[in-house]
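As a plain string of letters, each chain reads:
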Amino acid sequence: MSEDVRLVAWVRGQVQGVGFRWFTRARALELGGMSGFALNLGDGRVQVVAEGPRERCEGLLEWLRGDDTPGRVDGVTEIWDTPRGGYDGFAIR
């Protein structure tokens, strides 16, 4: 059984105004078992917070870094932590 983790990722590139947050939520729901959110930041990045089983969060991170995202991803920075809870599903903020 996989441990639950918290993934916080900051996605750089052309990721605002292209449906990136919507597709991130859809991918998280498709992978299942995660809660969190995707949020546009004022500097043009998108912040993604996901909590759930490590392998599911790793799958979401792999998708964020892949070629199947909308827009253009120039890079992703992530940190891993212990889950904090308090999220109801996976939201777009």
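Just so it is clear, the structure is predicted and the values come from calculations on it, not from any experiment.

Engineer: Which residues make up the UniProt feature "active site" (unreviewed entry) in the protein, and what values do they have?
Structural biologist: The sites that carry the UniProt feature "active site" (unreviewed entry) are, in the present numbering, Arg21 and Asn40. For the residues just named, distributed over 20 residues, the greatest C-alpha separation is only 7.7 Å, placing them together at one site. Here Arg21 falls in the partly exposed class, since its relative accessible area comes to 24%. Excluding residues within four positions of it along the chain, Arg21 makes contact with Ala38, Leu39, Asn40, Val46, Ile92 and Arg93. On the basis of relative accessibility, which here comes to 27%, the residue Asn40 falls in the partly exposed class.

Engineer: Outline the sheet that holds strand β2 (residues 35-40), supporting the account with residue identities and numerical values.
Structural biologist: Pairing is mixed across the open sheet formed by 5 strands, whose spatial order is β4-β1-β3-β2-β5. The open sheet has two edge strands, β4 (72-81) and β5 (90-92), and neither has a second partner. When strand polarity is set aside, the average angle formed by the axes of neighbouring strands in this sheet is 15°. As paired strands, strand β1 (residues 4-14) and β4 are joined by 9 bridges and run antiparallel to one another. Bridge pairing in β4 links Val11 to Val76. Docked against the sheet, helix α1 (residues 20-31) engages β1, β2, β3 (46-53), β4 and β5, running at close to 175° with respect to β5. Its contacts with the sheet put helix α2 (residues 54-65) on β1, β3, β4 and β5, and the angle it makes with β3 is roughly 155°.

Engineer: Kindly report on the packing of α1 against α2, identifying the contributing residues and their values.
Structural biologist: Closest axis-to-axis distance for the α1/α2 pair is 10 Å, and the angle between their directions is 145°. You can see that α1 and α2 cross each other, and the crossing is right-handed. Facing α1, whose interface residues are Phe20, Phe23, Thr24, Arg27, Ala28 and Leu31, α2 presents Arg56, Gly59, Leu60, Trp63 and Leu64. Across the contact of α1 with α2, the residue classes tally to 7 nonpolar, 2 polar and 2 charged.

Calculation rules
- Residues numbered from 1 in each chain as written.
- Predicted model: local features only at pLDDT ≥ 70, side-chain atom pairs only at ≥ 80, totals over all residues.
- Heavy atoms only, no water.
- UniProt positions renumbered as here; feature names shortened; annotations may be inferred.
- Buried < 20%, exposed > 50% of the residue type's maximum accessible area, 1.4 Å probe, protein only.
- Contact = heavy atoms within 4.5 Å.
- Pairing = 2+ DSSP bridges.
- Helix = DSSP H or I, 4+ residues; strand = E, 2+ residues; numbered from the N terminus.
- Axes fitted to C-alpha atoms, helices over the stretch in contact; angles between N-to-C directions.
- Left-handed = near helix turned anticlockwise from the far one by under 90°.
- Nonpolar A, V, L, I, M, F, W, Y, C, P; charged D, E, K, R; others polar.

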